[in-house]
Amino acid sequence: MSAPMAAPFGRSIRTEGWEFTVSVLVGLGCGVILLIAVIFLPWWGDNLTLNAARIVSDNLYGAAGALTAPWLWLLPLVTLLASVLGLWGALKPDYDGMAVAGMALVGLLGLGYFVLTVGSQTASRPGAGYWLALLACLGLTGQPLLAHPRVIATMARRPLPWSLPKTAWPLVFLAPPLLLYFLWIVGPTVYTIYLSFTDWDSVSNPRYIGLRNYVYLFTRDRNFTESLVNNLRWLVVFITVPTTLGLAMALIFNTEMRGGRWYKVSFYAPLVLSLPVIGLIWAWVYNPRLGLINQFLMQVGVSPLPGWLGDRRLAIWCVIAAAVWRQVGYVMVLYLAGLKNLDPTLLDAAMVDGANRWQLFRFVILPLLAPVTTIIIVISIIDSLRAFDLVAIMTRGGQSTQVLANFMYMEAFNNYRMGYGAAIAVILFLISLVFIGFYLSRVVKEELEY
Amino acid sequence: MATLATAKPIPTVSAVSRQRRRRPQRTFMYLFLTVLTLLWLLPIFAALITSFRTMDDITTNGFWTWPKTWTTNNFVRAWTAARVSKYLLNSFIITLPSLLGMLILSSMAAYALARFRFRANLWLYFLFVAGTMLPFQILMLPVFRLTNRLGLYDTYGALILIHTAFQIGFCTFVLRNFMKTVPSEILDAAEVDGCSELRIYWQMVLPLTLPALAALATLEFTWVFNDYLWAIILLRSDTLRPVTAGLATLRGQYNTDWPVITAGALLATIPTLIVFVFLQRYFIQGLTLGSSK
């Protein structure tokens, strides 16, 4: 009985040693604790009537006396470092020792973290959250013992004291993610549609006013048409420029060339910059008096100098250019992956048949890349509809650069016309729904083929 | 087969002669690419050089001159006076729990969708896929209201919850397709041997999906770390802001002092840059994981 049962948990499946188990378990255990600390701990505390979450998270991270400054810095940095080491080690069996060291460090830090934070909360009696956190910490430190292969082997031999009917298992796994997903994503989507038929200032209750928000949007609001046109411009540029540039770059870098890696990296480096950073950097480049471009134009002798972001006709194109700068690298990466997956025998066959390079590209490579192109276009469209950060940072929607996303934000959170903002959001949603539907239909077709 | 074998050498021969002819073309190509790359990165170089200069130097001598003085003072000011250090810390406090939350929850959902057959399976999967492409604006008002009602407004928890929830869709989509590639025979065999589903999930499927988890974690780290929209909607206190929203504040404070602004922007990029440099492979994998299906 015991011999065949040991097989699924034994070395036959897992190629790595016991350190692997430890690193995974400790890492995940640590994650659970952090999660409990940040999300759930407040709700089990004593003072439910007060703004409990605020109190605890202030005490955990910010308030004077909770943690001293160096500790505040050390924790996230070391946690990040350790989890990177752990991941690296877990993926490469040779580095297992490092993974364990890293993860054990995380575990110890987690413990220290709670001793320090919970210990400092002497003002009120410890709530259930305190005991929960303590228990989790003890469990965390016990993990290495539990993950020992001998312990696992003995545990595996023993059947579970309880068992669920097979049909209940999907529910067990799906309930937690679905609960969060429905509360935070699906529910809000539906609720926004309802809000769009109301007049709401965020203080009083929403008042139903029928289609009036939409009527006003389409008949009287100039900003709305401006945003719509700008979104359309953004969209057209996004599905043409980065796609062709990215494809060209991918074709260049797909050939074997020395140092190609470095060129490649510099082209997709802008992808890791956050949009606010890109917005700031480009705002500086576009600066009318001191910026890089105008200073250059001045030396060349151009006058009058263009105002870039200050110019009503140019501003939106300047913002889009910054967005394209970021997008090209993304498209290039996707095309490079697509090119790598091409069947080389097909290319060889075409070469044998005497196709020249243009024919090879036009009649073999491009058709074969069609699925990648479709996905890139869908992603570009969705991204252009989401455009918000750059506009918000660079122009705040001024100089005729308003886009739907920023327009909605400003109406709802600056002018407190929440119902009106909801109507704009619904229109944005309906436009993206066309493309979501298109993409979904592809996914559905793929699934039903199985 | 025979024709193929005889035909094969011909292109190779021509390729060699073509390569010889193309040597000057090659150097031209490298030159072209180098110039293009330098132009492409010019905004970043501009920011880098600006951050080491003083504003006086730029206003009097212009941008395209060699800096008269080099100073690291801008970085010091951005780090301490403009509180970029605190903003960065906030970013970590928000990002790391969200990352763990979304990976744990979505791997559970993905496991259920990949392993079990039940009526709603495909519908739920489509629901997750559809959710990845929603515009944030459609969620903004109800999420704002919900966090207010729960007393979470202006806390880290508000941001952690929305990031976790929103990214569940994408992570589930990727992980579910990855888990589908695990042959169900080994899992069924384990089940026959009396292994509980929890144990199969925890000890067999999760370790096998580790490559996908690593790629996702890297990608999601940069996404959540770089978020700006939710930070300005769900937070009010300056002390809680992540670095993206902090930079916007910094811009307002140091209105025309561009060296400090660019120094702050560069400091804000360091964490994602580190992730990018050391985990580039996983980052690229993550990007392509979502689109290859």
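Everything quoted here is computed from the prediction, not taken from an experiment.

Analysis parameters
- Residues numbered from 1 in each chain as written.
- Chains lettered and ligands numbered in written order.
- Predicted model: local features only at pLDDT ≥ 70, side-chain atom pairs only at ≥ 80, totals over all residues.
- Helix = DSSP H or I, 4+ residues; strand = E, 2+ residues; numbered from the N terminus.
- Rg over C-alpha atoms; globule rule 2.2 N^0.38 Å.
- Buried ≥ 20, exposed ≤ 12 C-beta atoms within 10 Å, placed from the backbone.
- Contact = placed C-beta atoms within 7 Å.
- Expected span 1.5 Å × (residues − 1).
- Bend = angle between axes of the 7 residues up to and from the residue.
- pLDDT = per-residue confidence, 0-100.
- Axes fitted to C-alpha atoms, helices over the stretch in contact; angles between N-to-C directions.
- Parallel < 35°, antiparallel > 145°, perpendicular 65-115°, else oblique.
- Left-handed = near helix turned anticlockwise from the far one by under 90°.
- Nonpolar A, V, L, I, M, F, W, Y, C, P; charged D, E, K, R; others polar.

Asker: I tried to follow the overall build of chain B on my own but got confused; where do I start?
Answerer: When helices and strands are tallied, chain B shows 17 helices and zero strands. The C-alpha atoms of chain B give 26 Å as radius of gyration, which overshoots the globular expectation for 293 residues (19 Å, by more than 25%). In terms of its C-alpha atoms, chain B occupies a principal-axis envelope of roughly 80 × 75 × 30 Å. The proportion of buried residues among the 293 residues of chain B is 54%. For chain B, long-range pairs separated by at least 24 residues make up 78% of all intrachain contacts whose partners lie at least 6 apart in sequence.

Asker: Got a minute to help me understand the overall build of chain A in this structure?
Answerer: When you go through chain A residue by residue, the secondary structure sums to 20 helices and two strands. Taking the intrachain contacts of chain A between residues at least 6 apart in sequence as the baseline, contacts between residues at least 24 apart amount to 70%.

Asker: In this structure, what is going on with helix H14 (residues 315-340) of chain A? I would like to understand it.
Answerer: An α-helical turn contains 3.6 residues, so a residue and the one three or four places further along point in the same direction. Residues and elements named next belong to chain A. With 26 residues, H14 should cover 38 Å at 1.5 Å per step; its first-to-last C-alpha distance of 38 Å lies within 8% of that length. Within H14, the axis deviates most sharply at Arg326, by approximately 30°. Burial of H14 is extensive: 19 of the 26 residues sit out of reach of the surface.

Asker: I tried to follow unusual backbone geometry on my own but got confused; where do I start?
Answerer: Among all residues except glycine, the phi angle is most often negative; among peptide bonds, the trans geometry is most common. In this structure, Tyr416(A) takes a positive phi of about 55° despite not being glycine. Mapped onto the secondary structure, Tyr416(A) falls in the loop between helix H19 (404-414) and helix H20 (418-448). Backbone geometry at Asp154(B) places phi at a positive 65°, although glycine is not the residue there. For Asp154(B), the position within the fold is in the loop between helix H9 (137-149) and helix H10 (156-180). Looking at Asp154(B), the number of C-beta atoms within 10 Å reads 19, which means it is partly exposed.

Asker: Just checking my understanding: could you explain the confidence of the model for chain B for this structure?
Answerer: Parts of the prediction with low pLDDT should not have their coordinates interpreted in detail. All names here are of chain B. Averaged over all residues, the pLDDT of chain B is 83; the fraction at 70 or higher stands at 91%. The secondary-structure element of chain B with the lowest mean pLDDT is helix H1 (residues 2-7), recorded at 39, while helix H14 (residues 229-234) shows the highest, at 92. Counting contacts from residues 1-14, a segment whose pLDDT is below 50, to residues more than four positions away or on other chains yields three contacts. Interface scoring of the predicted complex returns ipTM 0.85; its pTM is 0.74.

Asker: Before we go on, may I ask you to explain the packing of helix H9 (residues 212-220) of chain A against H20(A) in this structure?
Answerer: Between two packed helices, the angle of one axis relative to the other and the distance separating the axes together describe the packing. All names here are of chain A. Where H9 contacts H20, the axes come no closer than 9 Å and their chain directions differ by 70°. With respect to each other, H9 and H20 are oriented roughly perpendicular. Like other packed secondary-structure pairs, H9 and H20 cross with a definite hand, here right-handed. Contacts between H9 and H20 pair Asn213, Tyr214 and Leu217 from the former with Gly419, Tyr420, Ala423 and Ile424 from the latter.

Asker: Is there a simple way to think about the interface of chain B and chain A in this case?
Answerer: Accessible area lost upon the coming together of the parts is a frequently used measure of interface size. Residue-level contacts link 102 residues of chain B with 98 residues of chain A. Looking at the side of chain B that touches chain A, the element that brings in the most residues is helix H7 (residues 84-115) of chain B, giving 14 residues. Broken down by class, the residue content of the side of chain B that touches chain A amounts to 73 nonpolar, 25 polar and four charged.

Asker: Any chance you could explain helix H10 (residues 222-254) of chain A here in plain terms?
Answerer: For H10(A), which comprises 33 residues, the first-to-last C-alpha distance of 47 Å matches the rise-based estimate of 48 Å (1.5 Å per residue) to within 8%. The sharpest bend along H10(A) measures roughly 30° and falls at Phe238(A), with the proline Pro242(A) sitting one to four residues further on.

Asker: Would you mind showing me how to read the environment of Leu440(A) here?
Answerer: As for its placement among the helices and strands, Leu440(A) is situated in helix H20. Expressed as a C-alpha distance, the spacing of Leu440(A) and Val300(A), which sit 140 residues apart in the sequence, is 52 Å. Once you skip the residues sitting within four places of it in the chain, Leu440(A) turns out to touch Phe126(B), Val129(B) and Ala130(B).

Asker: Please clarify how the environment of Leu433(A) should be interpreted in this entry.
Answerer: Mapped onto the elements of the fold, Leu433(A) is located in helix H20. Separated by 51 residues in sequence, Leu433(A) and Ile382(A) place their C-alpha atoms 9.6 Å apart.

Asker: Help me understand the environment of Val333(A) in this model?
Answerer: Relative to the helices and strands, Val333(A) resides in helix H14. Among the residues examined, Val333(A) registers 22 C-beta atoms within 10 Å and is labelled buried. Residues Val333(A) and Met249(A) lie 84 residues apart in sequence; the distance between their C-alpha atoms is 9.4 Å. Beyond its immediate chain neighbours, meaning those up to four positions away, Val333(A) contacts Tyr268(A), Ile284(B), Leu287(B) and Thr288(B).

Asker: How do you make sense of the confidence of the model for chain A when you look at a structure like this?
Answerer: Residue and element names in this part refer to chain A. For chain A, the mean per-residue pLDDT works out to 72, and 63% of the residues sit at or above 70. The secondary structure element of chain A with the lowest average pLDDT is helix H1 (residues 2-9), at 31, and the one with the highest is H19, at 91. Ignoring residues within four places in sequence, the model shows residues 38-73, a span with pLDDT below 50, making 61 contacts including any to other chains. Scored below 50 in pLDDT, residues 143-148 makes 14 contacts in the model with residues more than four places away or belonging to other chains.

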